[in-house]
Structure formats: structure tokens, C-alpha cells
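These are the residues of each chain, in order.
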Amino acid sequence: MLNKPLTMSVVGHTNTGKTSFLRTLLKDPHFGEVSARPSTTREVIRAQLIAETEIIAELFDTPGLEDSQALYLHLQDYITLENKHNGPAVLQLFLGSQEAKIDFEQEAKVIRQLLNSDLALFVIDTRTPVLEKYLDELAILRMAAKPIIPVLNFINKESELLPWQTALARVNLHNSVLFDTQSTSLAHETRLLEQCIAAMPIARDSLVRLLKAREKQEVFKNTAAIHLLAELLVDVSTYQVAVDASNESEVMQAQLKFKNLVIDAENQCLQGILAVFGFELGDARLEQLPITQGSWHQHSFDTKAWQNLGIEASTGIVAGGTVGAGIDLLTGGLSLGAGTLIGALVGGVYQGSKKISRQLQAKLTGKVLMQADSQVLEMILKRQLLLIKALIIRGHAAIEPVHLELTNAFTVNQAIKKQLKSISQETSWSRILVGSINNSERADFIKTLGLKLEKLLTASVLP
Amino acid sequence: MGTQQFKQKFLKLWQIELVRCYEHDHKPPNVSTIAPNQTNSQKPLDTQLHERALVLIKYYKLDTALSKSIASLKLMLLLVFTFALIFGVGLAKAVDNSATRELSLPGVLLALLGFHLLMYFIWLASFFVRPKQSGISSNIIKQGMQFFNPNPKANYVTQSLLHTLSHYQLGKLLAACITHTYWFLLLFSSSLMLSLLFLFQSYTFTWETTVLDLPVMNHLSELLGSSLSWLGVNLPDVTALQAAEPNIQAKVGRWLIVMLVVYGCGIRLITGLISASVLATRVQNLEVDKTQPGLSNLIPLLLRGAAQTIDKDSSVNKQTEQPNQPNLGLGDYWLELEHAQNLSEQLAEQAITRYKALGVIATLTDLERLTDQFNMQPAASILITIDNQLTPDRGNLRLIHGLLPLTAHLHCYLIHPQGNFTESWLAVINQLISEHATKSTIRLTLAEYDHVK
């Protein structure tokens, strides 16, 4: 069993996505510097892979190899009869030379680090053809006599992997791992770590622990994001405001305030979801999302925004721009007949008639009740769920902006709609105006709703 | 788990919750306060969250409110337990309200243990019912804390305490510990007071009835007596009790005190200790619920390990040799950089018409071959087509650089209109132009702007 962290050097040609690869593995979009310019990484940077509290592996991001042809030729000068079968000795001789300090400073850093590591992860940009210089790189790296795991990066449907796999097989490297830092999944990481176990069986136990911790983290992210959404849905569907029905301007103002508070709550949830997936506000990768400074461009009361998500506005809501769109006005039981009225008085004491009793109370006090329309809830649900889905299937390292299509990709089933409707009169459950609520029934409801949302999401993420 | 450990663990949960509640209404000002301990990622997440909470409690100036609230809670508990002791004494004195010192045994038993047992069974029943709203005890805590510490920041402290108790399902157990301690103290002081009364005053116990006959009363007394027979303490029968013999009265008095100690203090003490140990075990196994809004967003930040630079860039200024580019040359040639490129038909035709193809330049050997070829007679111009889907590097730049002494004009052509590395190539070739030549001797063309001519 390995009693120290496994050391892995991430090596490869310049601009093959070594730092991006590390970002993905470390789940840290801020690690190192990533750009399309060559030689972005000029130093060796150490990072750690941690499972719970244990440092499982130390990863070393190295500068890109740039001048391998010249270096390969140069290294021939150090081969003597004594060391011709001792690659590490040849490399050590080179590291002691003046050339390693000046002409091949960058490559020397890679070699020095590789000699001090347990294994090398050789990152290959599969979008490029197999050039001789890459084979020279491999030849140099193989001189270090360390296990090498080729990581075929930037794979997509069009990637031609065969030339690379053939070239690698020719130098006895059959254990390549497919990886895409732009859009990764736990399965990619699992395959990579399995190859690491195959190359370093001594580190099996610790790498298995790392895998388990990774699985736990993935589950956590999804659960936490869903939990945020479930909390928001409960907060909005139970948010109710009563205003004086006789004062029209007061009603208008209250509607506006109602709207703004719901919009704020949704944006707060949005920021929470982004943060759960490791994004911060102002992140350049969020610039293509319909989001600015942590707020959705189109608010959830905008009937035009509903259309994209396949949400039909009810007949009462025709003017999308009006203040009242998306707000259900409960007119205080004005239409209630005498029978219902008596029923309400009798039944007001039990849970089932909460709605009528509240309306009755509003009628008696001359108030109008406001609550979010079911369309607003559906809008909130679908939009956030689409975002979570987009974030789940996306790698941490991707430098391209997050892509999100707000389309009618989710069908919110009746069970969820009914469930949300069933709590509309639990007005004490909404945290929109109160910071914290201690209500076990609410907590149980959020748990159940969360499970349903998770099911809906899983069904859409899985192929 | 010791009391101290329990307190510390509970306090940790409370402090984390306090910051979460406060940040719900007041956004944290910047990232450094969101995750001040990013360098400690090998510590457990709960520890990191607690360390963060400790920093932020001071930062948000919640520490005074928290310590005042803890003091208030302690004071409230002290008051409650003091009242228990006083009520206990009062209960014992209530038994002694008869001027004749004649005590009805069933009456005294009912007064001393009746209400306590009734409440005990209600508590037992309530244990199987989950309250929908926050319970009575949490309302008492809320009112009490607000009474002793009425300021807005203390509200967050109260809110977070109640949330911690309800979210981690500790409220019922804690309330059980407090109520059992309360009753234990009450019954303990009662039994103590009663012992003192019985020690220094003479009482006569009676067992009177209007409706029951003697066999029924005997049966009842046997039942009562058997409740302590396992301890070897027996209750004299009714006939003996009615005879009012002094030694029988003493026996009954002792029996009554033991009854109070066993079925009063004992029950409460044992149940209280069981509740306390269940509470301690639950708290010991508790982890912070990190899926809660306000905490889940911090986890990615806390999981990030600290990066450390191992081998720094020395920034050695590498002097490259200044190539002597000839002023004149003969012939126009075309080279493909690094690999045979798949040029568009139009481009290939233009190149072939205008230039003589020299193939691929990919290695230093290729450069040597070309150097030999043009050493004596440099070319008038060389067109080098560059695959800008590939990155520039020192190796391919070395090749381009090596061509400069071989031609009067070097024309670099980026073949892809939107290659992955177009910008990088523009940057490096423009640098080459500024360092080694004038714009007239090196030309850079992008596929979308121009032809190869």
C-alpha cells in the first residue's frame, strides 16, 4: 500500500489542454491560467486531489513541450556506451547542462518533474494530426522510465482517434484514456483513475477512496442544486400577500412588490445553483447565458418567456406587459354563495378549508389576496432545471461559455403541479419575507418534492 | 460523548447556522470572506465551515449577541430549575396542610405522583407524534431569549438556535432532557422536604373510604405495596393502617418516601439520562447538512485545494540570433509547415501556379536541406502555408525563423479562415516581424482576407 500521495505529472505539447484537464480533475475552474496562446503555463504548479481529508494524489501541471525535435536530437549527445540503456541517467546528464537552463528551460522543467513523479499523464489534443514532433515528445518522456497514461483530450463525435491510438500502440502505449475537458462526466474520471490503478497497483486503495469521494461529490452537487430549486418553489407557491381591495394604486404597488420579491428569490436561487457548480458571478463563461449579474434576462412573470418553455398563459392573462400578469388575485370570496360561506365558516377550522377561510377572512376585511400563478411556478421550475441539466453535463475546465437553450425540454408532470398547488395555502412556509422557517412539515415536503425533481432531471440527463 | 464535547459540537452547528441565517439577509461582501480558509482543504468540510463561521461571527459582530444569548439561555435554565426546587418544596408543604396531621395515603400519593405520572405518560405519547409547527418549548425559548436579549442581531441567534434544533431533530430530545431534569429536581426537593417533615413531625396516615369495602381496599393496598416489594419495602395492610400503631405509621412514611424517590425522581432521572445519552449520540454522529441554501454554494470553494508553484519561470531573456535576410533572390517557392495540408482547390491552384512546391518542412533535417539548397542562391520569395488549427510553438517558429536567411520575402499564410490558433499565430508572426525584419520582407496573410498571390 502506498503510504504517501501518488505523484502525477501532467505533460504534453503546448496548448493541448493540460491545465484544462487539471481544472476538470480538481473541480476548480480557477486553477492555473488557460488561454489559446502557447506557453501559457511556464511554471510547474502543484495541486492536490483530496478525498474527504486525505491527500490521495499530487498533480503537477507542467509547461508545454515545444521544441521536442531539437531536444530529442540534443539528447543524443548525452548517450554514451555506459548509459545507452539508462534513459533517466541520460536525462539527468541533460538537466545538469547549460542548455537545460537556457535553450530548453521549459522542457527541462517537465523532465525534472517527471523524474520526481510516480507516473505521467500525457495529454493529447486529438484534433491535431499525429506529427513527428509529438512522437519525439513521447520518446523523450519514455526515457524517464515512468508509466505513461495517454489522455486523449477534446474528443467529440468527429474525433479521429485511430491515428493517435495506432501511433501510441506502436510505442507500446495501449492504455489511453478518452477525456473531454469541455464536457466531462464521472465516467471519464473513473476510467482515468482505473488506468492509474492499473499503472500503479500499489495506489489502488487510495485511488478507490478518491473515486468514492468523487461519486459522493457529484451526488452532492445534484442534490444541493435540486434542494435549492425545491426551496424556491415552496417559497414562491406559498407566498401570499393581502392588500386593501378598494385602493387600486395600492393593489398595483403590491403587485409590483410581489413580482420583484419573487424575481429576487429566483435570482438568489440561480446564483446558488451556479455556485454549487463552482461558478462565480462575473465568470466570463456565463456571458452567453441569458443571465446578467446573477439575474435572468427575462423574469418569470414575462409571458413571452413562458412561450419558449411551452407554458401556456391562461385566458385571463393576455397582456404580458401588465403588472398583474402571473399573479393570481384571489378576490376575497366575492363569488361565494351563502352555502359555501356557511361551509367555510364551519370548515375554517380544519386544514382542507384553509383556502376558503382565508378568502373569507379577506372578504370580511375588504382585502385582496395575491399569489403566484401556476405558470410562474412552471417557468421557475423548468428554467432552473434546464440550467442544472446544462451544468451537470459540462466540464469544470471548459473555457467556452456555458450553453443553455431555454426550450420546452421538460414536461412537468401533473403530480408535481398538484403537489405545488396543494401547499398554496401554507402561507407560513414562505421564506420570501422571513429568513428562516422551522417547520418539519415544510422540510418533509421539500424532501419529497426534491426527489420528484431529481427523478425528472435524471430522466432527461440520461441518454 | 462528554457534556463538554456535546456542548462544543452543538455550538459548532449553531454557529454555522447563525452565519447562514445572517447571510440570508446580508450578502457576504466578497469571496475572501465567503471562503477564508481555502488553503485548508485537507481539513474536514465541517471543520472548515465552522472555522469560517467563527471568522464571520466576529466579522458580522454577532459574537456579543451570541454570548449574551447563551447567557440568557443559562439564566432561563437556572430560573426553571430553581422554580422546580421551590415547587417541589411547595408540593411537600401542600401535603402538610391539615391541622390534625392526619394524611390520607391515597390522597398524598395522588398529590405527589399523580400529575407527574400524567405528564410523563403525555410526554411518552408525544414522542411518537411529530409536531407540524415549532413546539411549545421552542416558543418558550424564543420568547425568553427575546425578553432577555431584545436586539435585531440576537433575533438571528434565536432563529439559528431554533432552526438547528428542528433541522437536526434535536428539539424533542433537548426538551425531554430539560423537562425530566425539571421534574427530577421538583420531586427530589419534594421528597427531601417530606423526609424532613416526617423526621421531625408526627403524622397519622389513614386510608378512608365511603364507598369501597374492606376486601377491595385490601386488594388495592396489596397492589400498591407490591410496586415496591422488589426493593423489600412493604406497605402495611389496611387493617394495620387503620389501627394507627406508631411503628406502622413509620413504615408507611418510609414507604411513601421510597415511592416518591423510585417512581418520581427515579423514573425522571433514568428517562432524563436515556434522553441525554440519545441526544449526545445523535449530536456526535451529526454532520452539517451542506445541502442547505447558503451552505451548498460554499462547498465547491472549500473543496478546492491550494495550488503551489514548484518550479518557477526564471524569465531568462533568450537572445535569438539576428538572421541576415538577403535583399534579393531568385524564384518563388512554396512550403507547407509541419504536415501536408489539405488546402482548398482554389488555394492549391493559386499556390502551384505562382510558386514552385518544395513540400513539407517539419524537421530540423528539412531545414538543413533547404539551407543547403538556398545557401548560395536565396529565393526571391517563399510562401509558407501554416495550419492554424495547430498551435505555434518554439519548434515550428524555429523553422520559420530558419527560413529568413534563405529568402528575400517570406509570406506566411494561415490556411484556415477560423483556425483554433489564428490569434496566437498573428501574435507570434507579428512579433517576428517587429524583431527581425521589416514588414516588406515578411508578409502575413489570413485565409479569409487575401489570396496567396
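Residues numbered from 1 in each chain as written. Chains lettered and ligands numbered in written order. Predicted model: local features only at pLDDT ≥ 70, side-chain atom pairs only at ≥ 80, totals over all residues. Heavy atoms only, no water.

### Quick word on the overall build of chain B
Turning to step 1, where the next piece is worked out: Helices and strands together make up the secondary structure of chain B, namely 16 helices and 8 strands.
Turning to step 2, where the next piece is worked out: Across the 453 residues in chain B, those meeting the buried criterion constitute 45%.
Turning to step 3, where the next piece is worked out: In chain B, once contacts between residues fewer than 6 apart in sequence are set aside, the share between residues at least 24 apart is 82%.
Turning to step 4, where the next piece is worked out: For chain B, the accessible surface area stands at approximately 23200 Å², while carbon and sulfur atoms represent 61% of it. (Helix = DSSP H or I, 4+ residues; strand = E, 2+ residues; numbered from the N terminus. Buried < 20%, exposed > 50% of the residue type's maximum accessible area, 1.4 Å probe, protein only. Contact = heavy atoms within 4.5 Å. Areas by Shrake-Rupley, 256 points an atom, 1.4 Å probe, with all protein chains shown as cover.)

### Looking at the overall build of chain A
Turning to step 1, where the next piece is worked out: On a plain count of helices and strands, chain A comes out with 15 helices and 11 strands.
Turning to step 2, where the next piece is worked out: Going through the 463 residues of chain A one by one, you find that 56% of them count as buried.
Turning to step 3, where the next piece is worked out: A fraction of 75% describes how many contacts in chain A between residues 6 or more apart in sequence connect residues 24 or more apart.

### Here's the deal with the interface of chain B and chain A
Turning to step 1, where the next piece is worked out: Facing 56 residues of chain B, the contacting portion of chain A comprises 68 residues.
Turning to step 2, where the next piece is worked out: In this assembly, chain B packs against chain A so that about 5200 Å² is buried in total across both faces, 50% of it on carbon and sulfur atoms.
Turning to step 3, where the next piece is worked out: Put simply, chain B and chain A have 4 salt bridges between them.
Turning to step 4, where the next piece is worked out: Across the pair Asp393 of chain B and Lys133 of chain A runs a salt bridge, and its minimum N-O distance is 2.7 Å.
Turning to step 5, where the next piece is worked out: Residue assignment for the side of chain B that touches chain A shows that the elements contributing at least two residues are helix H1 (3-25), helix H7 (152-167), helix H12 (299-303), strand S3 (308-311) and helix H15 (394-403) of chain B. (Buried area = accessible area lost by both parts, 1.4 Å probe. Salt bridge = Lys/Arg side-chain N within 4 Å of Asp/Glu carboxyl O.)

### Thoughts on a nonpolar patch on the surface
Residue and element names in this part refer to chain B.
Turning to step 1, where the next piece is worked out: A cluster of nonpolar side chains, namely Leu75, Leu78, Leu79, Phe83, Ile86, Phe87, Phe147 and Phe148, defines an oily patch on the protein surface of about 800 Å² accessible area.
Turning to step 2, where the next piece is worked out: Of all the secondary structure elements, the ones that give two or more residues to the nonpolar patch are helix H4 (63-95) and helix H6 (136-148).
Turning to step 3, where the next piece is worked out: On the basis of relative accessibility, which here comes to 55%, the residue Leu78 falls in the exposed class. (Patch = residues over 30% accessible without salt bridge, like charges linked within 9 Å, V, L, I, M, F, W, Y side chains within 5 Å.)

### Describing helix H13 (residues 345-354) of chain B
Residues and elements named next belong to chain B.
Turning to step 1, where the next piece is worked out: The set of residues buried in H13 consists of Leu347, Ala348, Gln350 and Ala351. End-on view of H13: buried residues confined to an arc of 160°, all on one side of the axis. Exposed positions of H13 whose direction lies more than 90 degrees from the buried face are Glu345, Gln346, Glu349, Ile352 and Thr353.
Turning to step 2, where the next piece is worked out: Tucked inside the fold, the buried residues of H13 contact strand S4 (332-337), strand S6 (379-386) and strand S7 (407-414). (Arc of directions from axis to C-beta.)

### Considering the pairing of S6 of chain B
Residues and elements named next belong to chain B.
Turning to step 1, where the next piece is worked out: Of all 8 residues in S6, 7 are buried, a share of seventy percent or more.
Turning to step 2, where the next piece is worked out: As judged from the 5 bridges shared by S4 and S6, these two strands associate in the parallel manner. Bridge pairing in S6 links Leu335 to Ile384.
Turning to step 3, where the next piece is worked out: Sheet topology note: the S6/S7 ladder contains 7 bridges and is parallel. (Pairing = 2+ DSSP bridges.)

### Section: the packing of H1 of chain B against H7 of chain B
All names here are of chain B.
Turning to step 1, where the next piece is worked out: For the pair H1 and H7, the least separation of the axes is 8 Å and the interaxial angle reads 125°. For the element pair H1 / H7, the angle class is oblique. Along this stretch, H1 crosses H7, giving a crossing that reads as right-handed. Every residue of H7 that contacts H1 at Phe10, Leu13, Trp14, Glu17, Leu18, Arg20, Cys21, Tyr22 and Asp25 is listed here: Lys153, Tyr156, Val157, Gln159, Ser160, Leu161, His163, Thr164 and Leu165.
Turning to step 2, where the next piece is worked out: Its residues placed into classes, the contact of H1 with H7 shows 10 nonpolar, 4 polar and 4 charged. (Axes fitted to C-alpha atoms, helices over the stretch in contact; angles between N-to-C directions. Parallel < 35°, antiparallel > 145°, perpendicular 65-115°, else oblique. Left-handed = near helix turned anticlockwise from the far one by under 90°. Nonpolar A, V, L, I, M, F, W, Y, C, P; charged D, E, K, R; others polar.)

### Some thoughts on the environment of Leu56 of chain B
All names here are of chain B.
Turning to step 1, where the next piece is worked out: By the element assignment, Leu56 lies in helix H3 (residues 45-59).
Turning to step 2, where the next piece is worked out: On the accessibility criterion, Leu56 (0% relative accessible area) is buried.
Turning to step 3, where the next piece is worked out: Taking C-alpha positions, Leu56 is 9.6 Å from Gln15, a pair spaced 41 residues apart along the chain.

### A few points about the side chain of Thr385 of chain B
All names here are of chain B.
Turning to step 1, where the next piece is worked out: Tracing the chain through its elements places Thr385 in strand S6.
Turning to step 2, where the next piece is worked out: On the basis of relative accessibility, which here comes to 1%, the residue Thr385 falls in the buried class.
Turning to step 3, where the next piece is worked out: Polar side-chain contacts of Thr385 include one of 2.7 Å to the side chain of Gln341.
Turning to step 4, where the next piece is worked out: Beyond its immediate stretch of four places on either side in the chain, Thr385 contacts Trp334, Leu335, Glu336, Leu337, Gln341, Tyr413 and Ile415. (Polar contact = N/O pair within 3.5 Å; in protein donor to acceptor, adjacent residues only side chain to side chain.)

### Re the pattern of salt bridges
Residue and element names in this part refer to chain A.
Turning to step 1, where the next piece is worked out: What the rule picks out here adds up to 26 salt bridges over all chains.
Turning to step 2, where the next piece is worked out: When the shortest N-O distance is used, the salt bridge between Arg214 and Glu189 registers 3.1 Å. Here Glu189 lies in helix H7 (residues 186-199) and Arg214 lies in helix H8 (residues 204-237), a separation of 25 residues in the sequence.
Turning to step 3, where the next piece is worked out: Classification of Arg214 by relative accessible area gives buried; the value is 6%.
Turning to step 4, where the next piece is worked out: Its relative accessible area of 2% is what places Glu189 among the buried residues.

### Here we look at the packing of helix H5 (residues 105-126) of chain B against helix H8 (residues 171-200) of chain B
Residues and elements named next belong to chain B.
Turning to step 1, where the next piece is worked out: At a closest axis distance of 12 Å, the pairing of H5 and H8 adopts a crossing angle of 170°. It follows that H5 is roughly antiparallel to H8 by the angle criterion. Here Leu112, Phe115, His116, Met119, Tyr120, Trp123 and Ser126 of H5 lie close against H8, whose contacting residues are Lys172, Ala176, His180, Trp183, Leu187, Ser190 and Leu194.
Turning to step 2, where the next piece is worked out: A breakdown of the residues in the contact of H5 with H8 according to their chemical character gives 9 nonpolar, 4 polar and 1 charged.

### Thoughts on the environment of Leu286 of chain B
Turning to step 1, where the next piece is worked out: With respect to the helices, strands and loops of the structure, Leu286 of chain B is situated in the loop between helix H11 (246-285) and H12.
Turning to step 2, where the next piece is worked out: The spatial distance from the C-alpha of Leu286 of chain B to the C-alpha of Lys9 of chain B is 8.7 Å, given a sequence separation of 277 residues.

### Topic: the packing of aromatic side chains
Turning to step 1, where the next piece is worked out: One pass over the full model with this rule turns up 19 aromatic pairs over all chains.
Turning to step 2, where the next piece is worked out: Judged by centre distance (6.1 Å) and plane angle (75°), the rings of Tyr78 of chain A and Phe94 of chain A are edge-to-face. Of this pair, Tyr78 of chain A sits in the loop between helix H2 (68-76) and helix H3 (87-95) while Phe94 of chain A is found in helix H3, placing the two residues 16 residues apart along the sequence. Each of the two residues, Tyr78 of chain A as well as Phe94 of chain A, counts as buried.
Turning to step 3, where the next piece is worked out: Between Trp429 of chain A and Phe445 of chain A the ring centres are 5.7 Å apart and the planes differ by 55°, which places this aromatic pair in the tilted class. Of this pair, Trp429 of chain A sits in the loop between helix H14 (414-422) and helix H15 (440-461) while Phe445 of chain A sits in helix H15; the two residues are 16 residues apart in sequence, bridging distant segments of the chain. For the pair formed by Trp429 of chain A and Phe445 of chain A, the shared burial category is buried.
Turning to step 4, where the next piece is worked out: Here the aromatic cluster, defined as three or more aromatic residues joined through ring pairs, consists of Tyr22, Tyr59, Tyr60 and Tyr156 of chain B.
Turning to step 5, where the next piece is worked out: Its guanidinium or amino end placed over the ring of Phe154 of chain A, Arg127 of chain A lies 4.0 Å from that ring's centre, counting from NZ or CZ.
Turning to step 6, where the next piece is worked out: The ring of Tyr355 of chain B is capped by Arg354 of chain B, whose NZ or CZ atom sits 5.0 Å from the centre of that ring. (Phe/Tyr/Trp six-rings, centres within 6.5 Å; stacked < 30°, edge-to-face > 60°. Lys NZ or Arg CZ within 6 Å of the ring centre and 35° of its normal.)

### Brief notes about the environment of His13 of chain A
Turning to step 1, where the next piece is worked out: Following the sequence through the fold, His13 of chain A ends up in the loop between strand S1 (6-12) and helix H1 (18-26).
Turning to step 2, where the next piece is worked out: Measuring from C-alpha to C-alpha, the distance between His13 of chain A and Val123 of chain A comes to 7.6 Å, with 110 residues separating the pair along the chain.
Turning to step 3, where the next piece is worked out: Residue contacts for His13 of chain A: discarding those within four places in its chain leaves Lys18, Gly64, Leu65, Glu66, Val123, Lys133, Tyr134 and Glu137 of chain A together with Thr391 and Asp393 of chain B.
Turning to step 4, where the next piece is worked out: In this structure the side chain of His13 of chain A is engaged in a polar contact, spanning 2.9 Å, whose partner is the backbone oxygen of Leu65 of chain A.
Turning to step 5, where the next piece is worked out: A distance of 2.6 Å separates a polar atom in the side chain of His13 of chain A from a polar atom in the side chain of Asp393 of chain B.

### Notes on unusual backbone geometry
Residues and elements named next belong to chain A.
Turning to step 1, where the next piece is worked out: A positive phi angle is found at Glu52, which is not glycine, with a value near 55°.
Turning to step 2, where the next piece is worked out: By secondary structure assignment, the location of Glu52 is in the loop between strand S2 (44-51) and strand S3 (54-61).
Turning to step 3, where the next piece is worked out: One non-glycine residue with positive phi stands out, namely Asn172, at about 70°.
Turning to step 4, where the next piece is worked out: Within the secondary structure layout, Asn172 lies in the loop between helix H6 (162-170) and strand S6 (177-178).

### Section: the confidence of the model for chain A
All names here are of chain A.
Turning to step 1, where the next piece is worked out: For chain A, the mean per-residue pLDDT works out to 81, and 81% of the residues sit at or above 70.
Turning to step 2, where the next piece is worked out: Contacts for the low-pLDDT stretch residues 317-321, under 50 throughout, to residues beyond four places or in other chains number 9 contacts.
Turning to step 3, where the next piece is worked out: Across residues 332-352 the pLDDT falls below 50, and counting only partners more than four positions away or on other chains, this stretch makes 18 contacts in the model. (pLDDT = per-residue confidence, 0-100.)

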